[in-house]
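# Summary of structural features
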Amino acid sequence: MAEKKVLGVGWNVFILGIVSFLNDMSSEMIAPIVPAYLTEVLKAGKLASGSIMGLIESSSSLFKVLFGYFSDKFRRRKAFVFTGYALSTLAKALLAFSRGWLDFLALRLLDRTGKGIRTAPRDALIAESSNGKTGKSFGFHRMMDTLGAVAGPLVAVFLLSVLAYLPKETLYRRIFLFSAVPGLLSLVIIALFVRDKGGEVRKKIAGISSLRSRSLQLFLLVVAIGTLGRYSYAFTLWKAEELGYTVLQGSAFYALFNLIYALSAYPIGLYSDRMSKRVLISVGFLLSALASLCFAFATGLVLLITAFVLYGLYMAVMDTVPRAYMAELAGEGEKGTVIGAYHTVVGVFAFPASLIASYLWSAYSLTYSFLFASMMAFLAFILLQFD
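In what follows, the accompanying structure is described. (Residues numbered from 1 in each chain as written. Predicted model: local features only at pLDDT ≥ 70, side-chain atom pairs only at ≥ 80, totals over all residues. Heavy atoms only, no water.)

## Quick notes on the packing of aromatic side chains
Evaluated as defined, the whole model comprises 19 aromatic pairs. A centroid spacing of 5.5 Å and a plane angle of 5° characterise the contact between F253 and F308, whose relative ring orientation is stacked. Pair noted here: F253 is in helix α12 (residues 247-272) and F308 is in helix α14 (residues 301-318), with a separation of 55 residues, a long-range link. Taking 6.3 Å as the distance between ring centres and 55° as the angle between the ring planes, the aromatic pair formed by F257 and Y261 counts as tilted. (Phe/Tyr/Trp six-rings, centres within 6.5 Å; stacked < 30°, edge-to-face > 60°. Helix = DSSP H or I, 4+ residues; strand = E, 2+ residues; numbered from the N terminus.)

## Side note on the side chain of S264
Note on placement: S264 falls in helix α12. For S264, a relative accessible area of 12% puts it in the buried group. Once residues within four sequence positions are removed from consideration, S264 is found in contact with L313 and A316. (Buried < 20%, exposed > 50% of the residue type's maximum accessible area, 1.4 Å probe, protein only. Contact = heavy atoms within 4.5 Å.)

## Quick word on the packing of helix α1 (residues 11-30) against helix α6 (residues 101-128)
Orientation of α1 relative to α6, taken along the N-to-C sense of each, is 160°, at an axis distance of 12 Å. Between α1 and α6, the interaxial angle falls into the category roughly antiparallel. Taken as a pair, α1 and α6 cross one another with a handedness that is left-handed. Across the interface between the two elements, N12, V13, L16, S20, N23 and I30 from α1 touch R108, R118, R122, L125 and I126 from α6. By residue class, the composition of the contact of α1 with α6 is 5 nonpolar, 3 polar and 3 charged. (Axes fitted to C-alpha atoms, helices over the stretch in contact; angles between N-to-C directions. Parallel < 35°, antiparallel > 145°, perpendicular 65-115°, else oblique. Left-handed = near helix turned anticlockwise from the far one by under 90°. Nonpolar A, V, L, I, M, F, W, Y, C, P; charged D, E, K, R; others polar.)

## Structural notes on the side chain of T146
Following the sequence through the fold, T146 ends up in helix α7 (residues 134-162). Take T146: its relative accessible area is 0%, and that puts it in the buried class. Among the polar contacts listed, one links the side chain of T146 to the backbone oxygen of R142, at a separation of 2.7 Å. With residues up to four places along the chain from it excluded, the contact list for T146 reads N258, Y261 and A262. (Polar contact = N/O pair within 3.5 Å; in protein donor to acceptor, adjacent residues only side chain to side chain.)

## Re α1
Compared with the 28 Å implied by 1.5 Å per residue over 20 residues, the 30 Å span of α1 between its first and last C-alpha is a close match. Most of α1 is tucked away: 18 of the 20 residues are buried. (Expected span 1.5 Å × (residues − 1).)

Written as structure tokens, this is what we have:
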């Protein structure tokens with residue numbers, strides 16, 4: 001029996017899109033204030049702040065392939081998805097009670113652990129609910145996820161304005177608490193409406209045969225190199241701050257980035273079902289290189305806005321198409337493992353990317369951080385032409 005469709009996508013894809021909208025709204029409510037919270041409230045230095053953000057971005061990576069494999073093995077996705085979102089919601093709420101950078105780091109790592117538990121099983125469930133249209137399904141999911149990322153900073157802007165009378169530290173803590181509300185709602189939706197599909201996969205796990213493919217291994221190597229140019233979003237906000245913009249204005253720039261991402265993800269996903277996904281991925285690396293160059297040389301509003309727009313287009317491609325590509329390469333019954341391997345590679349190399357960017361920022365300037373990122377992304381673009 002064909003799965004019920006809503007807005008042209010499978011039921012699970014639609015519901016998980018709503019879940020991601022709410023969860024990303026929750027996450028992005030705090031994202032614009034986290035860099036300032038680190039440097040202004042917790043008094044962390046440049047190298048420490050950049051390294052912490054990189055570690056946070058990377059920390060979930062080791063869990064993604066592991067829990068992707070477990071969800072394949074037990075042919076159950078929903079429990080992993082629920083647990084992952086629950087941990088993240090709890091961690092964000094508890095940030096309101098953090099008193100030092102170690103507390104902050106521990107809670108952010110708990111949040112990212114939740115992401116590590118849920119990401120591969122969720123993406124595998126989306127792939128299993130796609131009826132062959134993986135690009136369309138992942139495009140829809142990334143669109144909904146990023147619309148939440150648009151709403152989150154806008155809510156943050158509203159709260160920063162309305163609660164501006166509060167001391168800065170108190171204001172930030174209030175926003176951390178408010179961020180738990182959409183997260184809790186997403187848990188209710190998962191519990192009531194997500195339908196497990198793993199039991200319908202007949203093949204049992206006999207190994208990770210897809211990962212033994214030389215073509216896939218070379219692709220993951222190129223992804224690793226390109227990820228060295230994938231700095232934390234915090235660097236873009238620090239760039240805006242360096243140019244004299246406030247946290248409130250930085251939140252608006254961040255909302256613009258997410259709006260571009262949201263509007264682009266679905267059509268890019270649809271288009272990827274009609275052409276080579278590898279070609280689109282190479283375009284994504286090129287967009288990354290161009291965005292980083294714009295951030296490097298931005299001295300005024302026009303080039304800074306251009307950088308955020310290109311950054312949004314790059315993320316729309318690279319957070320959508322590779323997931324669909326990996327789902328297509330994976331054999332039946334091992335989608336969670338293969339998609340998890342991709343996420344793990346990205347996560348592992350995201351930490352040294354931010355560490356290098358932090359060192360270059362501390363020793364020289366943010367310009368050098370973005371130039372290095374641009375060089376790595378362009379190298380990945382070149383290598384993908386020969387892979």
